[in-house]
Amino acid sequence: MMEITLTHYLVLSTVLFMIGLIGVMRRKNLLMLFFATEILLNSVNIALVAISHFYGDFTGQMFAFFIIAIAASEVAVGLGLLVLWFKRFNTIDLDNMTQMKG
Amino acid sequence: MEMFLYIALFAPLVGSLTAGLFGASKKTLFAGVFASGMLFASFISSLLLLIQVLQGNTYHVEMMTWIATGDFYVPFGFVVNSVTITMMMVVTTVSTVVHVYAIGYMDHDKAFNRFFAYLSAFVFSMMILVMSDNLLGLFIGWEGVGVCSWLLIGFWYHKESATWAANEAFIMNRIADLAMLVGIFTLYWNMGTISYDGIFAQVAIADHDMLVVAAGFLFVGAMGKSAQFPLHTWLADAMEGPTPVSALIHAATMVTAGVYLVVRMNPLYDLVPEVGYIIASLGAFVAMFAASMALVNRDMKRIIAYSTLSQLGYMFVAAGLGAYWVALFHLMAHAFFKALLFLGAGNVMHAMSDELDPFKMGGLQKVMPYTFWMMTLASIALAGLFPFAGFFSKDLILEVAFVEHHYILYTVLLITAGLTAFYSFRLAFLIFLGEERYKLFGFHPHEAYKYMIVAMSPLLILAIIAGFLFKGTYYEMVTGAITGILPSLEYHVHNHTVYWIMTIGTQLFVIAAIVYAYKKYIDAKIDKKVEEGFFYQLLFNQYYIPKIYDEVFSKPYAELSKMCWKLDNAVVDATVDGIAGVFYGTAKKTHTMQDGNLSSMLKWMVAGLVTMLIFAALVVSGDTIYVILQTYVAPVLEAVVGMIKSIGH
Amino acid sequence: MFEFLAFYLFAFLTIAMFYITVTTSHSLYALTALAAGMIFISAFYFMLNADFMGVVQLIVYAGAVMALYSFGMMFFDTTRELHEKKTSSVVVFTLAIMATLITVAMIAAPVIGGNIEAYNPIIEGVGNSQQIGLVLFTKYLVPFEVAAVMLLVAMIAGIVMAGKKMDDSYSELSEEEIDAKEAEVVA
């Protein structure tokens, strides 16, 4: 256990992913939901960079880089939509957002 | 020369398709004229081919391959030999005349174009039947004429009786076709080929019983087409169709297809004389049977239909006794005068606004002289008086029966000849001579159009001269050394005295019958007592056979169909509806999955993700996961179990 | 030794922060915890010799994304506690655990199997940023350009969604008209 191997990083990534999934499933506030999504993306990033490091391959870091770019633009658009929704309906509680029922 | 073969074969098809283009339009004279023109081209081609055959050439072409699977090879092949060319001439001559006649007859009909399409299609099918060089090609033509007959009998399909008659004809034909197919299968199974040449080559060495079976089944098929007992009821009912149809199909061509089949397969039937004798006996029976029903009938076209049936019996007697050329000759002569009779009846019907009861007519000679002479001369030919065509063909059959020592058959045929003369002239006298009864019923008859009379005249001429002019040439052609394919049996009554007694006696008997008919029907008196008598009723109702068929076959079958329909509803429909119901129920239950709540949908998403991951993990890296489980999970589990055990102590 | 300590420290901190993010009912605490988590994750990147990634993480996530979320938070009353309807914890936990275990098993399988080959090998001695530059602008050029277009699209989307009606173009109106418009809006 003295040496930090790839396994440690993968386990860490797993735990973070689990936390992210719990957040996604549990949270009823749209903004909190976005937070949980960020956690998911970050856990994957850690796994990618770790593998890249331990196997001497740049592909992992490239992937992580693009994921960060995508996450950023996703936040921008998502927040814009959230603001519009709030302006219209004055609530961002998921339980009240059942327009797509059926 | 092959070009003429193809013209003769396909010109009717071209005419049919062209007329069919106008099928849904109003009457266009072009359709009728074009179809008739195509038929005339076919006639000319057949004539040219006839000249060639008379000079000793036969033609055998293979147009293209039809079936070539394994050992089974069937081409679209056509052959023109002496028998074929005889049939071709008969078919094309009568068809051309009928087409031109029909232009006038169907003048006021709305479905004028459709009629010519069907009629020409029929001629095309008949040509295929006649010209084919193998049994399957014949069967195609056989079915084709059956279908066209159905289309034409039920031409006025708004009439319930017409559609019923068409269905009856087609279904009866189908039943017989089943037997014919069995016959064809038997031949193929045992001989490995269904072309005429192939069969005839092997027929001498084939097993006798197999030949009996094959010949028998083929004849049953012929029975359906030629309306022999017991498959005869459709022919009389087929008179529901327009008169040109009756003239063409039910006098000259389709019903003779059965006789043609027997004549064509003569090497086969020569080897099984017992089947031939059965055929002859059945033919004689039908001849008498039909003639008896025609004696009392009050429907003009039905009388002529029964007359056809009776003459078909004659042909089968000849064919059954091995006198194939005689049968074919009678076929040819009969076609001419019977078609002429039907067309004349058509004229009368047209004049009398489709009235069929001869008792309502009378004295039409004054108004329709041409028709009168045509029908009378045709009736004389039918009765078999010298020197008209009927004498040379019908009396020849009587001679055949006598010479072959089948005296019972001879007697039956002789009596039938008398009956034939009687009812033919009964019809003629009732319609044309005597008082003008039609005036009481308010009819205003007039003669047919001039061109219709002109169209009928070739038939008249042929009916008169076909006997003495053609017999020699014909005999030489079909039985002679070069082109003959029928056995050349000459039938001579050796004793000259007997011969002359027979011939003159027959003629006197026939003339006596005519005179009797004249005396009886010139006043058109209806004898009430006779009418209520048992025999009259029996004959008038066609021996109640149609009723029997209805009770024994039609009604139970209808009940069976109803039962099957119920079964179909309960089982098949229920199954299909059940399957649909399962889907519908599943959908209703899983409908709650889509409640529009993002949170629950995310949970579903993760659940789906888990499912797919399990799948992928097992498929992709199952073995490695197993290793992982072994190296990491197993020790942990063992440790946990150990701990629980130690706690337990 | 140093690495060992660093790893476990930051791991503990990250997990704690993210746990707070998903479970707390104070929205402001959740935001703060998320920001802290982001920063701790960048520490991992530095530990893994991915310097460029670590810096990008700090700039983009901890800087830009968190700023965006903060502005989004402005709309909401942060003193009020979030009342969320209770959901079935069993289902949630089960699903989450199962999903993660299987994912890890799938990822670890080739690792344990040992059949990984490097497509873009890391060269020792050259700086991380320099190597990233080399790989990014040669082998990953097209995704780079596409990502640029995507960012442009996101920016335009954000402007269009948040902005007010833009029927009139200010650059084409004169000074008086603009003043009249402004007075209208105020009134």
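Not measured: the values here are computed from a predicted model.

Enquirer: I tried to follow the overall build of chain A on my own but got confused; where do I start?
Expert: Helices and strands together make up the secondary structure of chain A, namely three helices and zero strands. Counting only residues that meet the buried cut, chain A has 51% of its 102 residues in that class. Within chain A, contacts between residues at least 6 apart in sequence are counted, and of these 48% link residues at least 24 apart.

Enquirer: Is there a simple way to think about the overall build of chain B in this case?
Expert: Secondary structure summary: chain B contains 25 helices and two strands in total. Put simply, chain B has 649 residues, and 47% of those count as buried. Contacts in chain B between residues at least 24 apart in sequence constitute 80% of all its contacts with a sequence separation of at least 6.

Enquirer: Teacher, can you tell me more about the environment of Thr-28 of chain B here?
Expert: Residue and element names in this part refer to chain B. Here Thr-28 lies in the loop between α1 (2-21) and α2 (29-54). Linking Thr-28 and Phe-112, residues 84 residues apart in sequence, is a C-alpha distance of 7.5 Å. Contact partners of Thr-28, with chain neighbours within four places excluded, come to Phe-22 and Asn-113.

Enquirer: Would you mind going over the interface of chain B and chain A with me for this structure?
Expert: For interface size, the figure often reported is the accessible area lost on association. Residue-level contacts link nine residues of chain B with 12 residues of chain A. Each residue belonging to the side of chain B that touches chain A can be placed in one class, and the counts come to three nonpolar, four polar and two charged.

Enquirer: So what exactly am I meant to see when it comes to the pairing of strand β2 (residues 72-80) of chain B here?
Expert: Consecutive residues of a regular strand have side chains that alternate between opposite faces of the sheet. Residues and elements named next belong to chain B. Here nine bridges tie strand β1 (residues 59-69) to β2, and the two strands are oriented antiparallel to one another. Within β2, the residue paired with Val-61 across the bridge is Phe-78. In this antiparallel pair of consecutive strands, β1 and β2, the connection spans two residues, and Gly-70 shows a positive phi of 60 degrees.

Enquirer: Whenever I open this one, unusual backbone geometry confuses me. Can you help?
Expert: Excluding glycine, residues mostly carry a negative phi; peptide bonds, for their part, are mostly trans. A cis amide bond, omega 0 degrees, links Phe-229 of chain B with the succeeding residue Pro-230 of chain B. Along the chain, Pro-230 of chain B turns up in the loop between α8 (208-225) and α9 (233-237). A positive phi angle, close to 65 degrees, is found at Asn-90 of chain A, a residue other than glycine. Secondary-structure assignment places Asn-90 of chain A in the segment after α3 (59-89).

Enquirer: Please explain the interface of chain C and chain A as it appears in this structure.
Expert: In this complex, chain C contributes 67 residues to the contact, which on the side of chain A involves 57 residues. Element by element, the count of residues in the side of chain C that touches chain A is highest for helix α4 (residues 89-113) of chain C, at 12 residues. In the side of chain C that touches chain A, the residues fall into 52 nonpolar, 12 polar and three charged.

Enquirer: Even after reading the chapter, I still don't get the nonpolar core, so can you show me in this structure?
Expert: Generally speaking, soluble globular proteins have nonpolar side chains that are buried together. Residues and elements named next belong to chain B. One finds Ala-339, Leu-340, Leu-413 and Ala-463 to be the most contacted residues of the largest nonpolar core, which totals 208 residues. No other element matches the 20 residues that helix α15 (residues 324-351) contributes to this core. Apart from the residues lying within four places of it in its own chain, the contact partners of Ala-339 are Val-94, Val-97, Val-98, Ala-247, Ala-251, Ala-252 and Leu-459.

Enquirer: Whenever I open this one, the environment of Leu-539 of chain B confuses me. Can you help?
Expert: Residues and elements named next belong to chain B. Looking at where Leu-539 falls in the secondary structure, it is placed in helix α23 (residues 534-540). Sequence spacing of Leu-539 and Ala-290 is 249 residues, and the spatial spacing of their C-alpha atoms is 9.5 Å. In this view, Leu-539 contacts Ser-292, Met-293, Leu-295 and Val-296; residues no more than four positions away in its chain are not counted.

Enquirer: Just checking my understanding: could you explain the packing of α8 of chain B against helix α11 (residues 257-264) of chain B for this structure?
Expert: Angle between the axes and distance between the axes: these two values describe a pair of packed helices. Residue and element names in this part refer to chain B. Their axes nearest at 7 Å, the elements α8 and α11 cross at an angle of 155 degrees. Relative to α11, the element α8 is oriented roughly antiparallel. Together, Leu-218, Phe-219, Ala-222, Met-223 and Lys-225 of α8 and Ala-257, Gly-258, Leu-261 and Val-262 of α11 make up the contact between the two elements.

Enquirer: Help me understand helix α2 (residues 30-55) of chain A in this model?
Expert: Spacing of three or four residues puts side chains on the same side of an α-helix, whose turn is 3.6 residues. For α2 of chain A, with 26 residues, the first-to-last C-alpha span of 38 Å sits near the 38 Å given by 1.5 Å per residue. Just past α2 of chain A, the residue Gly-56 of chain A takes up positive phi, approximately 65 degrees.

Enquirer: I keep staring at the environment of Phe-470 of chain B and nothing clicks. Help me out?
Expert: Positionally, Phe-470 of chain B belongs in helix α20 (residues 450-479). Each C-alpha atom of the pair Phe-470 of chain B and Ala-333 of chain B lies 10.0 Å from the other, and the pair is 137 residues apart in sequence.

Enquirer: Is there a simple way to explain the confidence of the model for chain B in this structure?
Expert: Detailed reading of the predicted coordinates is not advisable wherever pLDDT falls low. The predicted model of chain B has a mean per-residue pLDDT of 85, with 96% of residues at 70 or higher. Model confidence for the complex: the whole-complex pTM is 0.67, and ipTM, which rates the interface, is 0.90.

Enquirer: Sorry, what's going on with helix α18 (residues 407-432) of chain B here?
Expert: Given a rise of 1.5 Å per residue, 26 residues ought to cover 38 Å, and the 37 Å separating the end C-alpha atoms of α18 of chain B matches this to within 8%. Of all 26 residues in α18 of chain B, 20 are buried, a share of seventy percent or more.

Enquirer: It is not clear to me how the confidence of the model for chain A should be interpreted in this structure. Could you clarify?
Expert: Here chain A averages 87 in pLDDT, while 97% of its residues score no lower than 70. Least confident of the elements in chain A is helix α1 (residues 6-26) of chain A, whose mean pLDDT is 88; most confident is α2 of chain A, at 92.

Thresholds, definitions, all that
Residues numbered from 1 in each chain as written. Chains lettered and ligands numbered in written order. Predicted model: local features only at pLDDT ≥ 70, side-chain atom pairs only at ≥ 80, totals over all residues. Helix = DSSP H or I, 4+ residues; strand = E, 2+ residues; numbered from the N terminus. Buried ≥ 20, exposed ≤ 12 C-beta atoms within 10 Å, placed from the backbone. Contact = placed C-beta atoms within 7 Å. Nonpolar A, V, L, I, M, F, W, Y, C, P; charged D, E, K, R; others polar. Pairing = 2+ DSSP bridges. Core = buried A, V, L, I, M, F, W, Y, C linked by C-beta atoms within 7 Å. Axes fitted to C-alpha atoms, helices over the stretch in contact; angles between N-to-C directions. Parallel < 35°, antiparallel > 145°, perpendicular 65-115°, else oblique. Expected span 1.5 Å × (residues − 1). pLDDT = per-residue confidence, 0-100.

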